[in-house]
Amino acid sequence: MDNGYMRQGPLDYIPISAELEADQGGNDATVVLEDRGFRGQIVLQGKASDAEFFDAVSDITGLRPSKETNVVTGGPGFPRLLWLGPEEWLLVTEDEESGRIMLGLTNSFKGRHVQVVDNSDAYAIVGVRGASARDILAKGCTLDLHERVFRSGSSTRTLLGQVQVILHQVTDDPDYEIHVHRSFAEFLWEWLVDAGQEYGLKTVRP
Amino acid sequence: MLLIDCPWCGPRDECEFSYGGEAHIKRPENPDKLSDAEWADYLFMRTNPKGRFPERWVHTHGCNRWFNAVRDTVTHDISATYGMGEDGPEGRS
Ligand SMILES: [Zn+2]
């Protein structure tokens with residue numbers, strides 16, 4: 001954003017030590033914790049039986065909402081459409097695209113029984129990637145994270161460290177993205193730093 | 001901890017769910033025709049069986065949907081889960 005005011009991310013004020021900043025890429029770490037910054041995050045709700053809803057979302061975003069449990073459409077690029085429930089999805093876009101897409105959706109659904117809510121600034125996005133990422137999440141998440149069950153292209157709401165999150169496995173590496181309410185972001189970040197200590201977790205900014 | 005089989009998400013940990021009390025309680029068609037005792041019965045009185053009990057749950061930290069479950073109040077065994085508005089194995093009682 002470049003419109004003259006300071007836009008503050010939910011994790012901007014968390015101190016990242018000089019030692020870790022020296023190794024920005026975190027290439028030798030088995031797990032890296034990353035503030036993934038600003039993105040468009042739009043919640044969509046529409047009836048499973050409403051074919052026009054699926055067509056319109058598909059026309060505007062290029063992605064058809066999944067009817068299959070935990071299945072993401074799109075990704076690892078943008079936009080991505082994360083399954084949250086049988087009639088609820090989270091559309092994740094690049095920051096600069098969200099306004100245009102939001103407008104397209106709102107216009108298209110005018111007067112119809114569909115919910116479109118821009119939640120972009122309500123959630124922080126935390127990335128956890130690397131060989132130990134799964135083990136760290138498993139410390140505070142009751143989901144079966146084994147790749148037979150929850151794999152790249154899977155998404156769901158769940159609890160992590162007792163905090164409600166939207167969990168998305170983006171790639172096989174594995175690379176996870178955690179969408180967390182911004183008021184819980186600092187707690188969850190600290191929780192992950194603590195959980196990752198034994199694995200030599202590193203923290204980086206994008 | 002219980003594993004509860006959400007009709008949409010599959011088996012998930014109990015801590016993701018919230019409890020909603022007895023299932024299949026129907027709001028009376030004409031509340032103003034009821035006596036206070038009948039209205040109070042609808043509002044407050046619940047069966048409290050020892051054994052299989054149809055009840056409502058919501059997958060709060062998951063798909064956010066309400067559903068019904070038949071749980072044994074003695075063993076906590078959940079023998080069925082099914083959607084709102086559907087008849088369970090115990091019927092609508
Ligand atoms: Zn569910």
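Residues numbered from 1 in each chain as written. Chains lettered and ligands numbered in written order. Predicted model: local features only at pLDDT ≥ 70, side-chain atom pairs only at ≥ 80, totals over all residues. Heavy atoms only, no water.

Engineer: Would you explain the overall build of chain B in this entry?
Structural biologist: Each helix and strand counted, chain B has one helix and six strands in total. Scanning chain B from its N terminus toward the C terminus, one meets helices and strands in the order β-β-β-α-β-β-β. Based on the C-alpha atoms only, the size of chain B along its principal axes is roughly 45 × 30 × 20 Å. Here chain B, with 93 residues, has 38% of them falling under the buried criterion. If you sum the accessible surface of chain B, you get close to 5,700 Å²; carbon and sulfur atoms cover 51% of it. Side chains of chain B carry 11 positive and 16 negative charges; the gap between the two charge centres is 3 Å. (Helix = DSSP H or I, 4+ residues; strand = E, 2+ residues; numbered from the N terminus. Buried < 20%, exposed > 50% of the residue type's maximum accessible area, 1.4 Å probe, protein only. Areas by Shrake-Rupley, 256 points an atom, 1.4 Å probe, with all protein chains shown as cover. Lys, Arg positive; Asp, Glu negative; His and termini not counted. Charge placed at Lys NZ, Arg CZ, Asp CG, Glu CD.)

Engineer: What is the right way to read the domain arrangement of chain A from this model?
Structural biologist: By convention, interface size is frequently given as the accessible area that disappears when the constituent parts associate. All names here are of chain A. Looking at chain A, the domain boundaries give domain 1 (16-37 + 121-204) and domain 2 (39-118). For domain 1 and domain 2, the distance between their C-alpha centres works out to 24 Å. The partner domain 2 presents 13 residues to the 16 residues of domain 1 that form the contact. For the pairing of domain 1 and domain 2, the buried interface totals around 1,300 Å² over both sides, and the portion due to carbon and sulfur atoms is 49%. (Domains from an automatic or database assignment. Contact = heavy atoms within 4.5 Å. Buried area = accessible area lost by both parts, 1.4 Å probe.)

Engineer: I keep staring at the pattern of salt bridges and nothing clicks. Help me out?
Structural biologist: Taken as a whole, this structure holds 18 salt bridges over all chains when the rule is applied. Residue Arg64 of chain A is joined to Asp55 of chain A by a salt bridge in which the shortest nitrogen-to-oxygen separation is 2.7 Å. (Salt bridge = Lys/Arg side-chain N within 4 Å of Asp/Glu carboxyl O.)

Engineer: How should I be thinking about the coordination of the zinc ion in this particular structure?
Structural biologist: Geometrically, a metal with four donors at the corners of a regular tetrahedron has ideal angles of 109.5 degrees, and one with six donors at the corners of a regular octahedron has ideal angles of 90 or 180 degrees. Residues and elements named next belong to chain B. Surrounding the zinc ion are the protein donor atoms Cys6 (SG), Cys9 (SG), His59 (ND1) and Cys63 (SG), at 2.0 to 2.4 Å. Each of the four donor atoms around the zinc ion contributes to a set of angles spanning 103 to 118°, which defines the coordination as tetrahedral. All donor residues of the zinc ion come from one chain, and their arrangement in sequence is C-x2-C-x49-H-x3-C. Of this pair, Cys9 sits in the loop between strand S1 (3-6) and strand S2 (10-13) while Cys63 sits in the loop between strand S4 (52-58) and strand S5 (66-72); the two residues are 54 residues apart in sequence, bridging distant segments of the chain. The same class applies to Cys9 as to Cys63, namely buried. (Donors = N, O, S within 2.8 Å, 3.2 Å for Na, K, Ca; no water. Tetrahedral: all angles 85-135°; square planar, octahedral: opposite > 155°, others 65-115°.)

Engineer: For this particular structure, what's the right way to read the packing of aromatic side chains?
Structural biologist: How two aromatic rings sit relative to each other is set out by the distance from centre to centre and by the angle between their planes. Scanning all chains against the criterion turns up seven aromatic pairs over all chains. Over the face of the ring belonging to Phe54 of chain A we find Lys67 of chain A, whose NZ or CZ atom lies 4.8 Å from the ring centre. (Phe/Tyr/Trp six-rings, centres within 6.5 Å; stacked < 30°, edge-to-face > 60°. Lys NZ or Arg CZ within 6 Å of the ring centre and 35° of its normal.)

Engineer: Mind showing me how you'd approach the interface of chain B and chain A here?
Structural biologist: Taken together, the contacts link twelve residues of chain B with 16 residues of chain A. Counting each side, the surface lost to burial between chain B and chain A is near 1,100 Å², with a carbon and sulfur contribution of 49%. Seen at the junction of chain B and chain A, the total is zero salt bridges. The interface formed by chain B and chain A contains seven residue pairs in polar contact (both at pLDDT 80 or more). Residues of the side of chain B that touches chain A, tallied by class, amount to four nonpolar, four polar and four charged. (Polar contact = N/O pair within 3.5 Å; in protein donor to acceptor, adjacent residues only side chain to side chain. Nonpolar A, V, L, I, M, F, W, Y, C, P; charged D, E, K, R; others polar.)

Engineer: I keep staring at a nonpolar patch on the surface and nothing clicks. Help me out?
Structural biologist: Residues and elements named next belong to chain B. Together, Leu43, Phe44 and Met45 give the surface a local cluster of nonpolar side chains, amounting to about 340 Å² of exposed area. On the secondary structure map, Phe44 appears in helix H1 (residues 36-44). For Phe44, a relative accessible area of 60% puts it in the exposed group. (Patch = residues over 30% accessible without salt bridge, like charges linked within 9 Å, V, L, I, M, F, W, Y side chains within 5 Å.)

Engineer: Honestly, the environment of Ile78 of chain B in this entry has me stumped. Any pointers?
Structural biologist: Residues and elements named next belong to chain B. In this fold, Ile78 is placed in strand S6 (residues 78-83). The class for Ile78 is partly exposed, based on a relative accessible area of 21%. Taking the C-alpha atoms as reference points, Ile78 and Ile4, separated by 74 residues in sequence, lie 7.3 Å from one another. With near-sequence residues (within four places) excluded, Ile78 lies in contact with Leu2, Ile4, Ala69, Val70 and Arg71.

Engineer: I keep staring at the sheet that holds S5 of chain B and nothing clicks. Help me out?
Structural biologist: Note: strands within a sheet are paired through backbone hydrogen bonds, in either parallel or antiparallel orientation. Residue and element names in this part refer to chain B. In space, the four strands of this open sheet follow the order S3-S4-S5-S6, with antiparallel pairing throughout. Two strands lie at the open edges of the sheet, namely strand S3 (18-22) and S6, each paired on one side alone. On average, each strand axis in the sheet is tilted by 30° relative to the strand beside it, whichever way the strands run. Here S5 runs beside S6; their pairing, made up of five bridges, is antiparallel. Residue pairing in the sheet places Phe67 in a bridge with Gly83 of S6. (Pairing = 2+ DSSP bridges. Axes fitted to C-alpha atoms, helices over the stretch in contact; angles between N-to-C directions.)

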